[in-house]
Each structure stands twice: as C-alpha cells, then as structure tokens.
Amino acid sequence: GDDAFWAVMQFARGGEALMNFVTGARHDPGWSINAHGQKGSLLVNSGQLAGMRDGDRATALLPIPKRLELGDNPHDPLMWSMVKLAERMIAKINRARDAEPFPDFRDGVAVVQIVEAMRRASDERAWVSVA
C-alpha cells in the first residue's frame, strides 16, 4: 500500500494545498495539519489546536470545538476517523435528528480519482485536473 506521498494541489476557487504524508516512521515525531488563509491560520499539532488572525504576533492555543472532541478512546490517533465514522453510523441507525452524513460511494470514487490524478501527475511530471 501507499505509505508516503507529497502533493501540491490547486483548487478551483484559488486555494492551494501542500500535503506531505508518511506513515510507518520508526521514530514518530508527531503529526500536524496546517491551514493558512488570507485572514489567519489554524494549526493542529498532535491534537492541540492553535491559531492566529491577520495582525497577530504569534499563535495562541484554542479550545477544540465540543463537536470535534474525541476523548481518550481510542488512544491511537490513527483510529480517530474510524471512531467518528462509527459514531455517525450509530446516529443514523438511531435516526438522530442531528446525525451528520457519512461518506458514501461517491465520496470513495472522488478519493480514488484524486489518488489516481496524483499518480498520473507524478508519472507525467505535470499538473493533472480532477473533474
């Protein structure tokens, strides 16, 4: 399986993303997700949320929204998305009013299209559009 990739993305409305993903590192230094926009930045480092707005001198720790809290189970952060998916499925089964949608076949197809475009872009050493 693919356990490492690096990708640059440009979105239709002008946004850009740089993704670097490696799994299976012998000495895991932790993980991070950074989002930078015109009005500020959000940074998640191994589960801590920080942010800054345009004009701030430094980032500050921010509370994680209640709806995104995961608690202590599971202890492995790589399983958090599976726990959230299971929670959504249970809410749907129980017909909860505020049940969030969960991925469907179309979402899976979209993911495969993106992965295939990344592979093709690497092979061709060129930008590839994802329709």
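Provided above is the structure to which this section pertains.
My aim in this report is to walk through the structure given alongside it, one point at a time. (Residues numbered from 1 in each chain as written. Predicted model: local features only at pLDDT ≥ 70, side-chain atom pairs only at ≥ 80, totals over all residues. Heavy atoms only, no water.)

## Some thoughts on the overall build of the protein
Rule in force here: Helix and strand definitions follow DSSP, with helices as H or I runs of at least four residues and strands as E runs of at least two, each counted in order from the N terminus. Each residue is assigned to one of three classes by its accessible area relative to the maximum for its type, calculated with a 1.4 Å probe on protein chains only: buried under 20%, partly exposed between the two thresholds, exposed over 50%. Residue contacts are counted whenever heavy atoms from the two residues lie within 4.5 Å of one another. Under the convention used here, a 1.4 Å probe and the Shrake-Rupley method define accessible areas, while residue burial counts only the protein chains that appear.
Across its full length, the protein holds two helices and six strands. Walking the protein from its N terminus toward its C terminus, one meets helices and strands in the order β-β-β-β-β-β-α-α. Here the protein holds 131 residues, and 9% of them are scored as buried. Within the protein, contacts between residues separated by at least 24 positions form 8% of all contacts whose residues are at least 6 apart in sequence. Surface exposure of the protein reaches about 11,600 Å², of which carbon and sulfur atoms provide 55%.

## Considerations on the sheet that holds strand E5 (residues 48–53)
Convention followed: Here, any two strands with at least 2 DSSP bridges between them count as paired.
The sheet built from four strands is open, its strands ordered E3-E4-E5-E6 with antiparallel pairing. Each edge of the sheet is formed by a strand with only one pairing partner; in this case those strands are strand E3 (32–36) and strand E6 (60–61). Taken together, the six bridges between strand E4 (residues 40–45) and E5 define a ladder with antiparallel strand orientation. Within the sheet, the bridge partner assigned to Leu42 lies in E5 and is Gly51.

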